[in-house]
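# Analysis of the macromolecular model
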Amino acid sequence: VEDSSLTVTSGRNEMTAEDTLGRMPRIVREVTGDFDVRVHVSGEFTAEYQTAVLLAFANPDEYARMSCGSGRYRTKQVSTGFMARGVIAGGRHHRTKDTSKWLRMQRVDGALRCYYSHDGKKWHASASSQEIKFKDGGGARFAQPMQLMLMVHNRGAEPLTVRFEHFETAEGTFTYLPNDNI
């Protein structure tokens, strides 16, 4: 850790529950109630599925994951995905020109919204758990407390180094970002 920044180097790992909970390098902060978390991520993502990850984790059946890096065919992207009621439910992929991005999650009244930004000021909506609807008419709700994790996912053969900067977490009562900021 240097100047409120964190540099993490990781060997090959998988985005499985076992790796996520046991072996992936990660930083964890527990939060209860509403929160607003943001972090700037950067790295040299040269192989498929190499990403910096922001994860809000309640349990293996309930979490939200944002990642920035290289996806399939080494496309530069920001991805958001939800696990709700034990089912992968919703998410989006956004192609980007580079992989130096701000990631942000807000939890308000049990629902999660995810955003990304090029400069940390103008935020683009990525995905919201409020978009998830099940056959019984219910939506996705996330148990408390949640663990906020910064992690490195590396399916490449060589070690991957990721830099996390300006990690900020606020807890309390929030409203979602107004539409003109999205």
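Scroll up to find the structure this text is about.
### Quick look at the sheet that holds strand E8 (residues 101–108)
Across the sheet, 6 strands lie side by side as E1-E12-E3-E8-E9-E10; this open sheet has antiparallel pairing. A single partner strand is all that each edge strand has here, and the edge strands are strand E1 (5–10) and strand E10 (124–128). When strand polarity is set aside, the average angle formed by the axes of neighbouring strands in this sheet is 25°. With 6 bridges connecting them, E1 and strand E12 (residues 160–171) associate as antiparallel partners. Looking at E12, one finds that Thr-9 is bridged to Thr-161.

### Focus on unusual backbone geometry
Peptide bonds are trans in most cases, and residues, glycine excluded, mostly fall at negative phi. For the bond running from Gln-144 to Pro-145, omega is -10°, close enough to zero to count as cis. With respect to the helices and strands, Pro-145 occurs in the loop between E10 and strand E11 (146–154). Here the phi dihedral of Tyr-49 falls at roughly 55°; this positive angle occurs in a residue that is not glycine. Topologically, Tyr-49 is positioned in the loop between strand E3 (35–43) and strand E4 (50–59). A positive phi angle, near 55°, is found at Arg-85, a position not held by glycine. When you line up the elements, Arg-85 lands in the loop between strand E6 (76–84) and strand E7 (87–95). Residue Arg-85 is classed as partly exposed on the basis of its relative accessible area, which comes to 45%.

Here is what the cut-offs are and how they apply
- Residues numbered from 1 in each chain as written.
- Predicted model: local features only at pLDDT ≥ 70, side-chain atom pairs only at ≥ 80, totals over all residues.
- Heavy atoms only, no water.
- Pairing = 2+ DSSP bridges.
- Helix = DSSP H or I, 4+ residues; strand = E, 2+ residues; numbered from the N terminus.
- Axes fitted to C-alpha atoms, helices over the stretch in contact; angles between N-to-C directions.
- Buried < 20%, exposed > 50% of the residue type's maximum accessible area, 1.4 Å probe, protein only.

So, to be careful, I would describe these as geometric facts and stop short of saying anything about function.
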